[in-house]
Every structure is written in structure tokens, then in C-alpha cells.
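Results of the structural survey
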Amino acid sequence: MHELMVPDGMMTQMTSLHEERLDFVLRTLKSTGAKRVLDLGCGSGSLLYRMLADDQFESITGLEDSGVSLQQARAVLAEYLREETPRIRLVRGSYAESNAALTGYDAAAMVETIEHVPPEQLSKVERAVFGEYRPGYLFMTTPNREYNPLFDLAPGEFREEDHKFEWDRAKFQRWASGVAERNGYDVRFGGIGDYVPGVGHPTQTALFARRD
């Protein structure tokens, strides 16, 4: 997770939410029965590390565009990468780009990463991830903008400086539903963290399931 330029109290909240989110994503991926999993925008490897501790996941690939984050992931996952037959593979690249090697996975995760994509690149992401990689399932998480005032953020202020947007629930659901319909997926929405009536969860989720 990128460093947040926020007060200590909010940092504690966000760190706690980050851990809860990773555990939730892991449980969701397990529930699909997936054995081959792709982590798109894997960052420094926190989710990969959790998956490697579970024998269900037989083949795991982390894709990351940031060389700095990928170097951190290699350090975090060093013991697994040194195994005689590693279950983990790290790849430098963007999920907005075509890559035939990323097809055929049972499931994929996109954890707090879609909001880092410039809006004009979202159609490229859709074509690559849902049109080409086509995992059996894809679990996506992203901030819920409606919750931001509860983190004492000013109107229009993002949770991280590098975010290109943060969607409210209606906009996220419109976008994800369109992606699902255009690419032959069903989608189910949910949330992670404390639910507040009229506001929702701090993290919103979409579980895409391929129809074929």
C-alpha cells in the first residue's frame, strides 16, 4: 500500500482496514476453489504472501508495473522464490497491456489498484483483463468515496495522492456492471469494513464470475 500522508489516527484506521481487506480477499479467492491465481497490481506482495501460506493455491503470479514495489515483493517472498519448484512468479508489467501468458487462470485479484488507473485507460484495462486474460473469477476492491468524510477527508480529497479517482457506490456498480455485461461475466457487489447506513463500507467490492 502506498504511504499515506495523513494523521496518525487515520493511518491506524487505514492500516487496520488494509489488513482486514487482505484477509477478506484471501477468503474470497479460497471460496472460488481456485488453484491458479493472478494478482494484478500486486504491489509489495502482501496478498501473495498470504496465498503462499495456503496449499490450495498451486500456481500464483503477481503482476506489478512499479519496479520499486516489485523489488519489495521479491524481498518479502524470497524464501518462496528460492524453492526448487516455486509456486510464485513475479512479472513486471501493466494489466492495461496484452499479455498471452496471463490467460488461463482460475481467479484473479485487483486489490485497491483500479483507482490508480487514469480514467482514459480504463477501456484498455477492460480489454486486457476481461477480454484477453479472462480469469474464471475476478475479485476487485476499491475505495468507497461516500465513506471518506468518516476519515475526516475534505470534499474531493482522495485517500492517497496517487489516486486518479474514487468512485461512489452507484458509479462503481454502473462501471462494473457494464464491464461484466460486455465481457460475459456475472458480478456481485459487497463491501469490507464497518458498514454505515446511507454511506456503505469503506471498501467496496465486486466479484466477477465468468459465465462460460
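Structure report, in brief. Bear in mind the structure is a predicted one, so any value in this text is a computation, not a measurement.

This structure, assessed with the given rule, holds 12 salt bridges. A salt bridge links Glu97 to Lys124; the shortest N-O distance between them is 3.1 Å. Remark: Lys124 occurs in helix H5 (residues 122-133) and Glu97 occurs in the loop between strand S3 (88-92) and strand S4 (107-111); sequence separation between them is 27 residues. Here Arg210 makes a salt bridge to Asp212, at a shortest N to O gap of 2.5 Å. Judged by its relative accessible area of 29%, Arg210 is partly exposed. Under the relative-accessibility criterion, Asp212 is labelled exposed at 67%. If you follow the salt bridges from partner to partner, you end up with Glu19, Asp23 and Arg50 in one network.

Since the α-helix advances by 3.6 residues per turn, residues separated by three or four positions end up pointing in the same direction. Within helix H3 (residues 67-76) the residues assigned to the buried category are Ser69, Leu70 and Ala73. Down the axis of H3, the sector holding all buried residues measures 100°, keeping them to one side. In H3, the exposed positions that point more than 90 degrees away from the buried face belong to Val68, Gln71 and Ala75. On the buried face of H3, the contacting elements are strand S2 (59-64) and S3.

The next thing to look at is the sheet that holds strand S6 (residues 185-192). The 7 strands are arranged S3-S2-S1-S4-S5-S7-S6 in an open sheet whose pairing can be described as mixed. Pairing within the sheet leaves two strands with one partner each, and these edge strands are S3 and S6. Averaged over all pairs of adjacent strands, the angle between strand axes in this sheet comes to 15°, irrespective of strand direction. Here S6 runs beside strand S7 (residues 203-210); their pairing, made up of 8 bridges, is antiparallel. Looking at the pairing, Tyr185 lines up with Arg210 of S7. H3 rests against S2 and S3 of the sheet, and its axis sits at about 165° to S3. Contacts from H5 reach strand S1 (36-40), S4, strand S5 (137-143), S6 and S7, with the element oriented near 175° to S1.

Here we come to the environment of Leu17. Relative to the helices and strands, Leu17 is located in helix H1 (residues 8-31). Linking Leu17 and Asp194, residues 177 residues apart in sequence, is a C-alpha distance of 9.2 Å. With sequence-adjacent residues up to four places away left out, Leu17 is seen in contact with Phe151, Arg159, Ile192, Gly193, Pro202 and Thr203.

Thresholds, definitions, all that
- Residues numbered from 1 in each chain as written.
- Predicted model: local features only at pLDDT ≥ 70, side-chain atom pairs only at ≥ 80, totals over all residues.
- Heavy atoms only, no water.
- Salt bridge = Lys/Arg side-chain N within 4 Å of Asp/Glu carboxyl O.
- Helix = DSSP H or I, 4+ residues; strand = E, 2+ residues; numbered from the N terminus.
- Buried < 20%, exposed > 50% of the residue type's maximum accessible area, 1.4 Å probe, protein only.
- Arc of directions from axis to C-beta.
- Contact = heavy atoms within 4.5 Å.
- Pairing = 2+ DSSP bridges.
- Axes fitted to C-alpha atoms, helices over the stretch in contact; angles between N-to-C directions.

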